[in-house]
Amino acid sequence: MDAMRINQGYTNEYPIVDEEPNIDTTRFFELLKDFDEPLWDGCTNHSKLSVIAQVFTIKSIYELSKASHEEIIEWVRSILPERNRLKEKLYAAKSMMKPLSLGY
């Protein structure tokens, strides 16, 4: 606001307009919510997004198949507390990461 001199009485020339974010921005903000959401209530060292990203990294490095990815997720979910927020299927995880346009 200082750079545009809005605080110096030019507000009529440069009105502040609140706009709704576009669809890409909205998707990105939704992804950020997943980053902030813990993997389960009380979890302090992993978020829903961080775990998905780590599993995709392992899948990519070791060139694992879809079946092996889902087997790993199934095993991890079995050792996590109930009501954890880890996505069960590869498709759901890919959909969650899609707004980043990174691929894996």
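Below or above, wherever it landed, is the structure these notes cover.

So, on to helix α4 (residues 90–97). If you check which residues of α4 are buried, you get Leu90, Ala93, Met96 and Met97. Buried residues of α4, seen end-on, are gathered within an arc of 125° and therefore sit on one face of the element. In the core, the buried residues of α4 are packed alongside α1 (23–36), α2 (48–61) and α3 (66–79).

At a closest axis distance of 11 Å, the pairing of α2 and α3 adopts a crossing angle of 140°. Relative to α3, α2 is oriented so that their crossing is right-handed. Residues Val55, Phe56 and Lys59 of α2 form the contact with α3, whose own contacting residues are Lys66, His69 and Ile73. A breakdown of the residues in the contact of α2 with α3 according to their chemical character gives three nonpolar, one polar and two charged.

Definitions and limits used
Counting from 1, residues in each chain are numbered in the order their sequence is written. Local features in this predicted model are restricted to residues of pLDDT 70 or higher, and side-chain atom pairs are both shown and tallied only at a pLDDT of 80 or more, whereas totals for entire chains, interfaces and linings draw on every residue. Just so you know, side-chain values use all the structure's heavy atoms and leave hydrogens and water out. Exposure categories follow from relative accessible area, calculated using a 1.4 Å probe and restricted to protein chains: below 20% of the type maximum is buried, above 50% is exposed, and the middle band is partly exposed. Labels follow the DSSP assignment, with helices taken as runs of H or I lasting at least four residues and strands as runs of E lasting at least two, numbered in each case from the N terminus. The arc in question is the one spanned by the directions pointing from the helix axis to the C-beta atoms. Any two residues whose heavy atoms approach within 4.5 Å are treated as being in contact. Axes here refer to lines fitted to C-alpha atoms; in helices the fit is confined to the stretch in contact. Angles between the N-to-C directions go from 0 to 180 degrees. Less than a right angle of anticlockwise turn of the near helix away from the far helix marks a crossing as left-handed, whereas a clockwise turn marks it as right-handed. Residue type decides the class: Asp, Glu, Lys and Arg count as charged, Ala, Val, Leu, Ile, Met, Phe, Trp, Tyr, Cys and Pro as nonpolar, and the leftover types, Gly among them, as polar.

Nothing here speaks to function; it is geometry throughout.
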